[in-house]
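Descriptive analysis of the structure
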Amino acid sequence: VQLQASGGGLVQAGGSLRLSCAASGRTFSSYALGWFRQAPGKEREFVAAISWSGGSTYHADSVKGRFTMSRDNAKNTVYLQMNSLKPEDTAVYYCAARRNSGSGYFTEILTYDYWGQGTQVTVSS
């Protein structure tokens with residue numbers, strides 16, 4: 001599967017952005033998906049994950065209550081709605097997909113099989 005992330009940009013603190021990740025392939029609906037981010041000089045970190053059905057989601061504590069991950073299997077697209085953005089949210093955001101996911105979601109980077117190219121999010125203070 002190929003993943004294409006979009007929707008990043010420059011926004012002021014307190015603002016909102018919605019990231020999208022469009023996927024190719026007929027088996028998209030069977031994949032668990034995740035969003036990760038990497039700030040300059042830091043390791044890539046988990047942001048949010050969702051099960052293949054969308055019935056289960058999990059968000060990192062740092063974004064809980066501000067970010068919401070969702071998916072539309074009919075459109076082969078996963079979303080990350082980001083509200084109340086903070087300067088510390090500045091990073092390149094990546095979407096990822098995992099095969100053979102069962103009914104769960106996954107937070108570990110190494111468990112994902114496919115990665116998108118990333119989209120830059122910059123939050124100014």
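Thresholds, definitions, all that
Residues numbered from 1 in each chain as written. Predicted model: local features only at pLDDT ≥ 70, side-chain atom pairs only at ≥ 80, totals over all residues. Heavy atoms only, no water. Helix = DSSP H or I, 4+ residues; strand = E, 2+ residues; numbered from the N terminus. Contact = heavy atoms within 4.5 Å. Buried < 20%, exposed > 50% of the residue type's maximum accessible area, 1.4 Å probe, protein only. Phe/Tyr/Trp six-rings, centres within 6.5 Å; stacked < 30°, edge-to-face > 60°.

Here we look at the environment of Ser6
In this structure, Ser6 sits in strand 1 (residues 3-6). In this view, Ser6 contacts Arg18, Leu19, Ser20 and Thr119; residues no more than four positions away in its chain are not counted.

Brief notes about the environment of Ser70
Following the sequence through the fold, Ser70 ends up in strand 7 (residues 67-72). Ser70 sits in the partly exposed class, given a relative accessible area of 31%. Here the alpha-carbon distance between Ser70 and Gly7, two residues 63 residues apart in the chain, equals 15 Å. Excluding residues within four positions of it along the chain, Ser70 makes contact with Ile50, Val78 and Tyr79.

Structural notes on the packing of aromatic side chains
The tally for this structure, following the rule as stated, stands at seven aromatic pairs. Their ring planes at 55° and their centres at 5.0 Å tell us that Phe36 and Trp115 sit as a pair that is tilted. Of this pair, Phe36 sits in strand 4 (residues 32-38) while Trp115 sits in strand 10 (residues 114-115), and the two are 79 residues apart along the sequence. Between Tyr58 and Tyr105 the ring centres are 5.6 Å apart and the planes differ by 5°, which places this aromatic pair in the stacked class. Of this pair, Tyr58 sits in strand 6 (residues 57-59) while Tyr105 is found in the loop between strand 9 (91-98) and strand 10, placing the two residues 47 residues apart along the sequence. Tyr58 sits in the partly exposed class, given a relative accessible area of 33%. Looking at Tyr105, the relative accessible area reads 35%, which means it is partly exposed. Of the aromatic side chains, those joined through ring pairs into one cluster are Phe36, Phe46, Tyr58, Tyr105, Tyr112 and Trp115.

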